[in-house]
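Here is what each chain is made of, one letter per residue.
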Amino acid sequence: MTTNRETGVVPPIVLNDGSLMPQLGFGVFQVPAEEVVDTVTAALRTGYRSIDTAAAYQNEEGTGRAIRQFGLPRDEVFVTTKLWNADQGYDSTLRAFDASLKRLGLEYLDLYLIHWPVPAADRFADTFRAFQRLAADGLVRSIGVSNFRVPDLERVIAETGQTPSVNQIELHPGLIQRELREYHAEHAIATEAWSPLGQGTLLGDPVVTRIAGEVDRTPAQVIIRWHLQLGNVVIPKSVTPARIEENFDVFGFELSAEQMAAVSGLDTGTRIGPDPETFAAGLEN
Ligand code: NAD
């Protein structure tokens, strides 16, 4: 069976600003600061070339250290971090960005995301204007959002004149986000899936295990393959080296149309994470 390492690199997708982003990356949510250097190093050794962190994960420092120590040319690793809710607003965004870049120890970022819209705070348009400034200054290659709903996307586009390159949203077979994916496709916004494995909860599903048997792959590989064939950017997380490798070995097989439809049929519209309409952690005061 062909593995990804034999065939080369992860295929990139082209963002609406012309930048290339690997379609498969590695997420470090809930990876403790003391473990993150080893975990990111294992991911880079496996072949991942896109790493997704956030100020809120409190592991930017170790993530950056692992990337720098690994020693690849900077333009061979795609680094994403996210602006936390408490820092939304024009000036506070510029300050928070400086702090993130320092913690990462990098000269520039590939992708900066507004972590949550916090619609009630009504600061995401100003925040995105600060992102435009960072991009104009060459400090960030691509700017995007996370957890934005259609109305949030419509507002940010109308008020800043710029369409985000990426919207990173909760997306897995239990929550297939048809409406948002269609909106993204119409507006050339890349769909990036967080909790792509449903945080592991979907791996025992009988439909997934049936298909895994049919294609002689693991349930995690089936779900990651489903994301890739839908056109999503996907960033599974694991701290276990064997699983980090397993989740990367997803390019030597394909799901049929019937298998794709069967996985999409698991949609129940149920979230694992918070509701973007009301989530306002960091802004309670
Ligand atoms: P995930 O769906 O990637 O699931 C990770 C969990 O699944 C692991 O902790 C492990 O328990 C299990 N798992 C992983 N690979 C496995 C395998 N091969 N076999 C068996 N079990 C396996 O969930 P996640 O970590 O929540 O999401 C991935 C990334 O998305 C995060 O690390 C983070 O970067 C990002 N994220 C972003 C947001 C956001 O608000 N923007 C929110 C959550 C996560």
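Keep in mind that this is a model prediction, so the values were computed, not measured.

Considering only enclosed or pocket space, the largest pocket measures out at about 710 Å³ in volume. Contributing to the lining of the largest pocket are 34 residues, with Phe29, Gln30, Ser195, Gln199 and Lys237 lying nearest its centre. Each pocket or cavity is described by its volume, and for the second largest pocket that value is around 370 Å³. Considering the residues around the second largest pocket, the lining is formed by 16 residues, among which Leu20, Pro22, Asp75, Glu76 and Phe78 are closest to the centre. Counting residues per element, the lining of the second largest pocket draws most heavily on strand S2 (residues 20-22), at 3 residues. Grouping the constituent residues of the lining of the second largest pocket by class yields 9 nonpolar, 2 polar and 5 charged.

Here we come to the nonpolar core. Counting residues in each nonpolar core, the largest one holds 71 residues, and the members touching the most others are Leu24, Val28, Val40, Ile51, Tyr112, Val222 and Leu255. Excluding residues within four positions of it along the chain, Ile51 makes contact with Phe26, Val28, Val40, Leu44, Thr63, Ile67, Val77, Phe78, Val79 and Thr80. By size, the runner-up hydrophobic cluster in this structure holds 9 residues, among which are Ile13, Leu15, Met21 and Val233.

Taken together, the buried positions of helix H11 (residues 257-264) are occupied by Gln259, Met260, Ala262, Val263 and Ser264. Tucked inside the fold, the buried residues of H11 contact helix H8 (206-215) and helix H9 (219-230).

Our next topic: the packing of helix H3 (residues 60-70) against helix H4 (residues 90-104). Running from N to C, H3 and H4 cross one another at 45 degrees; their axes reach a closest spacing of 7 Å. Between H3 and H4, the crossing angle belongs to the class labelled oblique. When H3 is examined against H4, the residues Glu60, Glu61, Thr63, Gly64, Arg65 and Arg68 are found in contact with a partner set consisting of Ser100, Arg103 and Leu104.

On to the packing of aromatic side chains. According to the stated counting rule, one finds 10 aromatic pairs in the structure shown. Consider the rings of Tyr112 and Phe131, whose centres lie 4.4 Å apart with planes at 20 degrees: the pair is stacked. Separated by 19 residues along the polypeptide, Tyr112 in strand S6 (residues 109-114) and Phe131 in helix H5 (residues 124-136) bring together distant segments of the chain. A residue is classified by how much of its surface remains accessible, and Tyr112, at 0% relative accessible area, is buried. For the ring pair Trp116 and Trp194, a centre distance of 6.3 Å and an interplane angle of 70 degrees mean the geometry is edge-to-face. With Trp116 in the loop between S6 and H5 and Trp194 in strand S9 (residues 190-194), this pair connects stretches of sequence that are 78 residues apart. Pair check on accessibility: Trp116 and Trp194 agree, each one buried. Through a chain of ring-to-ring contacts, the aromatic side chains of Trp84, Trp116, Trp194 and Phe279 assemble into a single cluster.

This brings us to the confidence of the model for the chain. Taken as a whole, the chain shows an average pLDDT of 96; of its residues, 96% reach a score of 70 or greater. Here residues 1-8 is modelled with pLDDT under 50, and outside its nearest four sequence neighbours on either side it reaches 16 contacts, counting other chains as well.

All right, on to the site of the ligand then. Contacts to the ligand come from 26 residues, most closely from Asp52, Ser146, Ser195, Leu197 and Asn247. At 2.7 Å from an oxygen atom of the ligand is found a side-chain nitrogen or oxygen belonging to Ser195. Protein chains shield 89% of the accessible area of the ligand, which is 840 Å² for the free molecule. Of the pockets mapped on this structure, the ligand occupies the largest pocket.

Moving on to the pairing of S6. Among the 6 residues that make up S6, 6 are buried, leaving the element largely enclosed by the rest of the structure. With 4 bridges connecting them, strand S5 (residues 78-83) and S6 associate as parallel partners. Its bridge partner lying in S6, Thr80 is registered against Leu111. Note that the unit made of S5, H4 and S6 has a crossover that is right-handed. Bridge count between S6 and strand S7 (residues 140-146): 5 bridges; the pairing is parallel.

Rules behind the numbers
Residues numbered from 1 in each chain as written. Predicted model: local features only at pLDDT ≥ 70, side-chain atom pairs only at ≥ 80, totals over all residues. Heavy atoms only, no water. 1 Å grid on protein atoms, 1.4 Å probe; cavity = no way out; pocket = protein on both sides within 12 Å on 5 of 7 lines; lining within 4 Å. Points joined across faces, edges and corners; volume = space filled by probe spheres on them. Helix = DSSP H or I, 4+ residues; strand = E, 2+ residues; numbered from the N terminus. Nonpolar A, V, L, I, M, F, W, Y, C, P; charged D, E, K, R; others polar. Core = buried A, V, L, I, M, F, W, Y, C linked by side-chain atoms within 4.5 Å. Buried < 20%, exposed > 50% of the residue type's maximum accessible area, 1.4 Å probe, protein only. Contact = heavy atoms within 4.5 Å. Axes fitted to C-alpha atoms, helices over the stretch in contact; angles between N-to-C directions. Parallel < 35°, antiparallel > 145°, perpendicular 65-115°, else oblique. Phe/Tyr/Trp six-rings, centres within 6.5 Å; stacked < 30°, edge-to-face > 60°. pLDDT = per-residue confidence, 0-100. Near = heavy atom within 4 Å. Polar contact = N/O pair within 3.5 Å; in protein donor to acceptor, adjacent residues only side chain to side chain. Areas by Shrake-Rupley, 256 points an atom, 1.4 Å probe, with all protein chains shown as cover. Sits in = over half its atoms within 2 Å of the grid points. Pairing = 2+ DSSP bridges. Right-handed = clockwise from strand over helix to strand, strands pointing away.

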